[in-house]
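Structural features, examined
One letter stands for each residue in the lines below.
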Amino acid sequence: MAEAHSAVAFSFSITHEGWDINYDREVLDLVWQSGVRSWKKRLARFRTGVRNGVYPAHLQSLWLVIAIAVGLHFTQRQVPFDLVNKWLSILPGDSLQWQLTACSLAGLVVWLSICYTMRYSLKLLLMYKGWMYEKRAPGSKVSLKTRLWGLFVKVLATWNKPGLYSFQGSLPRLPLPSVQETMGRYLRSVRPLLDDSNYNRMERLAKEFQQGIATKLQRYLVLKSWWSTNYVSDWWEEYVYLRGRGALMVNSNFYGIDAIFMHPTKVQSARAASVVNLLLQFRRTVERQELEPILVQGLVPLCSWQYERIFNTVRAPGVESDKIIHYQDSNHIVVLYRGCYYKVIIYHNGRLLRPCELQIQIEHILQQRDEKPQPGEELLASLTAGDRTKWAQIRQTVFAKGVNRTSLHTVESAAFVLSLDEKPFEFDLAHPEKLDQFGRYLLHGNGHDRWFDKSFTVCVGSNGRIGFNAEHTWADAAVMSHIWEMLIMGETEQRYDENGNPVGIPEFEPPTPKRLVWDLNDKVALDAIDEAHLAAQKLLNDVDLRILVHDAYGKGLMKTCRLSPDAFIQMALQLAYYRDAGKFSLTYEASMTRLFREGRTETVRPCTIESAAWVKAMLDSSVSVEERVRLLNAACERHQLGYQDAMCGKGIDRHLFCLYVVSKYLEIDSPFLQEVLSEPWRLSTSQTPHGQTSKMDLKKHPNCISAGGGFGPVADDGYGVSYIVAGEDLIFFHISSKRSCGTTSSERFAQEICRALGDMKHLFEEYRSLQKKNPSNGTKSDKPQAK
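Residues numbered from 1 in each chain as written. Predicted model: local features only at pLDDT ≥ 70, side-chain atom pairs only at ≥ 80, totals over all residues. Heavy atoms only, no water.

As named in an unreviewed UniProt entry, the protein is carnitine O-palmitoyltransferase, taken from Anopheles farauti. Check the Sequence similarities (unreviewed entry) section of the UniProt entry for the protein; it says "Belongs to the carnitine/choline acetyltransferase family." Taken directly from UniProt, the Pathway (unreviewed entry) text for the protein runs: "Lipid metabolism; fatty acid beta-oxidation." (UniProt positions renumbered as here; feature names shortened; annotations may be inferred.)

Next up, the structure:
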């Protein structure tokens, strides 16, 4: 217990000789520095809060308006609405001092009026979504309405450099679709999945719902959409994530992989130190709101709300519902190595430690190979990988007091967790199984070397390659993808010397990492940890993960086909799944709704009437090449429209989900909603966004290509597919399924994806060949349309 005693910074005792005070100057100095840093951050947040509150107006423009008010008043000209004299009638005198005060107050009122006029004008402009539906292909013309709209947005939004959260007050609310619109879209989406009798039954259920309780449920949603910032997000976070009682590992958490074509250093401690430093710099830009908000087409802002909880955040387990805890500040990270936990201080005299200083701390940990985990410590993180209710119950007893509570708080309040793995993370095109294993290490590790409750855990292999495992509740994958891009681009700078160590010379001896103390030598605790460990092993051993590197072609060829790359890939997945399963399935594709305040995701349903017709045509040898191309164009156009609708708040599934939540609150049963919400997503897909930061320059740094990331299967008898269009000639697919399912195989599905992509390439080659031989056969409707 020596570590616990050394943590005491101050003690007071009374003896027969008088009173005695003992204190540790170093610890008290750390406390003082932490307090100073905390107050500085509070002041900075207040200042940026004021700046964001008046955006797009400039804070400094207040003094100009006040100066104009003073000038008008003292030159005997009237300030608008005679505000100066009205203030003077309220103030206790009319001396020079009070006249200046009245001018200042009048200027403040005028300035605030201008600010809020600009702000709500921008908000009204951002409600327009017509630009989303206009074609952007070469030669396409933008409508006059959209051009004028873009001009006004540019004038209002770009003259004053925005901070990370500057646009939050100007973003519109997520619109609530009518029940009639959602019913129409839903029935159309399930038509290719149902035979005539089942479709007629579903149509009847939908009609009964629409004409019955839907009107009442919709009224409550209308009230919520008026009152709340976003009528979906809080319920989505609560009921889809926090109330889920299943394991986070594999079922919810996701992973991301290193830029596999670059390997800046093979020194584990050096890479870990550099990554930690870059992440902490990113945290600082978020806290200071210096990070540029993402603008679609350089004009339309996306909601930045999710960035608030990137760091210092944990999902704490509860018996019935978990909760997200975000700490305003944290001066440490926690490092997990060989089953032992270490607290690493990341500040010194108010500044972040440099990579060369962080490496000293990490090397110290790596040298503790003879350190043995305390009883129960090695498998402790299995608790975060298992059943949430059991973890909550153990947390309330075993971790409620003493050193366990202190150490658990240290882990949960850390900026993030760093896991130093003893295995190498490898990639070799000639041995694809190595990349598969790389992904498995990141998705679940060994079940007890990732703290799955933390917002994210950075994993560093023994050979210096990196990845992350992220908890899903606090934000969507696009946010972690943005962080990862910034980190990868930061590594392109000269950060390592010829020996692979961080450049620079340490200016001081950094604080020695402190080993966390646990008291788990108790039957209840050990039994719970063992039970969670066995459950985690069973879950991770059931994962069948295959990472496909498709380098036959990428978005370069798709552009020549004049098709949206996302639509192109989704059609390939539909064809591959039909060949694999012999039927169509309800397909999930995640789309963002961050064009609206506090927006998260919406579902695009890629399996449509048009996509089904094209897939069947590809399997029918009697269908001509021209007809197949025409059907593919129609399918891609329908998919693109569905994606645009989802981004613009005209989706299906979030509206139905919220109607279902209201029905449960009112204790009203709906056979229609019950059936819709219980339909399994046997093909769950997601595209990893690429190029979210302006620093991403693949022409200058062609090897800065992340392999993306992936997630576990959503359905026991289905596939989880994440993909990233990484370049003109490269696509990564992360395919997951369960070994225990006899009808799925990730390897087989990967082969079907390759086959489908190859068939689509061959289709367009045949089409172009026919066009060259007989140009008169091509009609305008036959030609692929760019999206």
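We are not done yet, so read on.
**Examining the overall build of the protein**
Helix and strand counts for the protein come out as 25 helices and 22 strands. The C-alpha atoms of the protein give 29 Å as radius of gyration, which agrees with the globular expectation for 787 residues (28 Å, within 12%). Counting every position in the protein, which comprises 787 residues, the buried fraction comes to 55%. Looking at the protein alone, contacts between residues at least 24 apart form 78% of all its contacts between residues at least 6 apart. As presented, the protein carries roughly 35,200 Å² of accessible surface, and 55% of it is formed by carbon and sulfur atoms. (Helix = DSSP H or I, 4+ residues; strand = E, 2+ residues; numbered from the N terminus. Rg over C-alpha atoms; globule rule 2.2 N^0.38 Å. Buried < 20%, exposed > 50% of the residue type's maximum accessible area, 1.4 Å probe, protein only. Contact = heavy atoms within 4.5 Å. Areas by Shrake-Rupley, 256 points an atom, 1.4 Å probe, with all protein chains shown as cover.)

**Focus on the packing of aromatic side chains**
Applying the stated rule across the entire model yields 29 aromatic pairs. Ring geometry for Phe-425 and Tyr-441: centres 5.8 Å apart, planes at 35 degrees, overall tilted. With Phe-425 in the loop between strand E12 (417-420) and helix H16 (432-443) and Tyr-441 in helix H16, this residue pair connects regions lying 16 residues apart in the sequence. Three or more aromatic residues joined by ring pairs form one cluster here, namely Tyr-341, Trp-391, Phe-399, Trp-451 and Trp-518. Sitting over the ring of Tyr-199, Arg-191 keeps its end group 4.4 Å from the ring centre. The positively charged end of Arg-654 is found above the aromatic ring belonging to Trp-236, 3.8 Å away from the centroid. (Phe/Tyr/Trp six-rings, centres within 6.5 Å; stacked < 30°, edge-to-face > 60°. Lys NZ or Arg CZ within 6 Å of the ring centre and 35° of its normal.)

**Digging into helix H3 (residues 61-74)**
Under the 1.5 Å per step criterion, the end-to-end length of H3 is 20 Å for 14 residues, consistent within 8% with the ideal 20 Å. Turning to H3, its buried residues are Leu-62, Val-65, Ile-66, Ala-69 and His-73. Relative to the axis of H3, the buried residues are bounded by an arc of 100 degrees and lie together on one face. Summarising the geometry of H3, the exposed residues directed more than 90 degrees from the buried face are Trp-63 and Leu-64. Of the residues one or two after H3, Gln-76 is the one with positive phi, at around 65 degrees. (Expected span 1.5 Å × (residues − 1). Arc of directions from axis to C-beta.)

**Points about the environment of Gly-712**
The topology assignment puts Gly-712 in the loop between strand E20 (709-711) and strand E21 (719-727). Taking C-alpha positions, Gly-712 is 18 Å from Arg-388, a pair spaced 324 residues apart along the chain. Not counting residues up to four positions away in its chain, the partners in contact with Gly-712 are Val-250, Leu-443, Gly-720 and Ser-736.

**Here we look at the pairing of strand E7 (residues 323-326)**
With four bridges connecting them, strand E6 (residues 313-316) and E7 associate as antiparallel partners. The partner of Val-314 across the bridge, within E7, is Ile-325. The loop that links E6 with its antiparallel partner E7 comprises six residues. (Pairing = 2+ DSSP bridges.)

**Some thoughts on the sheet that holds strand E14 (residues 466-470)**
Strand order in the open sheet formed by eight strands is E15-E9-E8-E12-E13-E14-E3-E20, with mixed pairing between adjacent strands. This sheet does not close on itself; its edge strands, each paired only once, are strand E15 (514-515) and E20. Pairing of strand E3 (residues 254-257) with E20 involves three bridges; the strand directions are antiparallel. Opposite Phe-254, over in E20, you have Phe-711 as the bridge partner.

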